[in-house]
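# Working through the structure, step by step
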Amino acid sequence: MNNTINIKTLIGISVAVFAVLLFALGKLGVYDLTVSTGFFRAYSFALTITTFLVGLLLWQGWKFPLLRGWLVHVPNLNGTWDGELQSDWINPETQKGIDPITSILTIKQTLFGTSCVVRTGEMTSYSISAGVERDKNNHIEKLVYTYRSEPRPGVTGRSAMHHGTAVLEFSKSPEWQFEGRYFTERNTTGELNFKFRNRKTDTILTPDEKKHPLDPEG
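Residues numbered from 1 in each chain as written. Predicted model: local features only at pLDDT ≥ 70, side-chain atom pairs only at ≥ 80, totals over all residues. Heavy atoms only, no water.

## Topic: unusual backbone geometry
Most of the time, phi is negative for any residue but glycine, and the peptide bond is trans. Stated precisely, the cut-off is as follows: Strands are runs of DSSP state E lasting at least 2 residues, helices are runs of H or I lasting at least 4, and numbering of each runs from the N terminus. Three exposure classes are used, based on accessible area relative to the maximum for each residue type with a 1.4 Å probe and protein chains only: buried under 20%, partly exposed in between, and exposed over 50%.
S173 connects to P174 through a cis peptide bond whose omega is 5°. Within the element layout of this structure, P174 appears in the loop between β6 (162-171) and β7 (177-184). Positive phi outside glycine occurs at Q95, with the angle close to 60°. One can find Q95 in the loop between β1 (79-87) and β2 (101-110). Residue classification places Q95 among the exposed positions, given a relative accessible area of 60%.

Here it is, written out as C-alpha cells:
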C-alpha cells in the first residue's frame, strides 16, 4: 500500500482528526475529560470515528480527485476502455499480418489490488497479477499485468490458451488513454491502445465488437 498512498500523511491526518475529536468532545461537554471514566469513553469514541473515516478513505474515498498526488499516488483506473490490439502474428496460410482487432479493457481497482480483463471477438484475457508502476523522475505511470488468455470455442486450432505480459503507459492528455505493448509465451508481440469509455466494470462486447479479422465473411 506504500506505493498507492502516502502513509506518513495518512498517519498525520489520522492523529489530527483523533485529537480534534477528543478536544471537541471535552470542549462541548459530551464527556468530562478530567475524570478517568469520561476520558476513556471520549478516547474510545474518537478512536472509533477516526478508524471509521480511515476505513472509508481506504475503501472508496481514495477515488476523489482532490486527494490525488499529495495523499493518493495512483490514478483511479476503474472502468471500461475501448481500443484495438495490433498483433505481429503472421497468418501461415497467407504469410500476411492481420488487421487491428477491436478490444475492450475492463479494470477493477482498489488501493490494495488491480484486476484487468481484455476481451476480443476471439479471446478473453484475465490478469494473474496487475499493478500501477510510477516513475516519479519522468512523471510516467504504467499499468503492468501478466495474464492468461483463453480462446472462445471454435478457434483453439489457430489460437491456443497462452500467457503473456502487457505494459501500458497511462496518459490524461488530450484524453484518458493507454498505449503500450504485450508479449506472449508464443513468441508473439503486439501493440495495445485504449481510450476511456465509462466507469462500468461489467461491460461485454457488442455483436459488432465481436467481429474478428480472421472470421469468415457473411
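## A closer look at the packing of aromatic side chains
Stated precisely, the cut-off is as follows: Two rings belonging to Phe, Tyr or Trp (six-membered ring only in the last case) form a pair when the distance between their centres is within 6.5 Å. Interplanar angles under 30 degrees mark stacking, angles over 60 mark edge-to-face geometry, and anything in between is tilted.
Per the counting criterion, the structure on display carries eleven aromatic pairs. Judged by centre distance (4.6 Å) and plane angle (50°), the ring pair of W81 and F178 falls under tilted. You can see W81 sitting in strand β1 and its partner F178 sitting in strand β7, a full 97 residues away along the chain. For the pair W81 and F178, a shared accessibility class is recorded, and that class is buried. Considering the side-chain rings of W81 and F196, the 5.2 Å spacing of their centres and the 75° angle between planes classify their relative orientation as edge-to-face. Of this pair, W81 sits in strand β1 while F196 is found in strand β8 (residues 189-198), placing the two residues 115 residues apart along the sequence. Of the aromatic side chains, those joined through ring pairs into one cluster are W81, F170, W176, F178 and F196.

## Looking at the side chain of T106
Worth spelling out the cut-off: Any pair of residues with heavy atoms lying within 4.5 Å of one another is described as a contacting pair.
One can find T106 in strand β2. T106 gets classed as buried once you look at its relative accessible area, which sits at 5%. In this view, T106 contacts G79, T80, S115, C116, V117, R119, T201 and T203; residues no more than four positions away in its chain are not counted.

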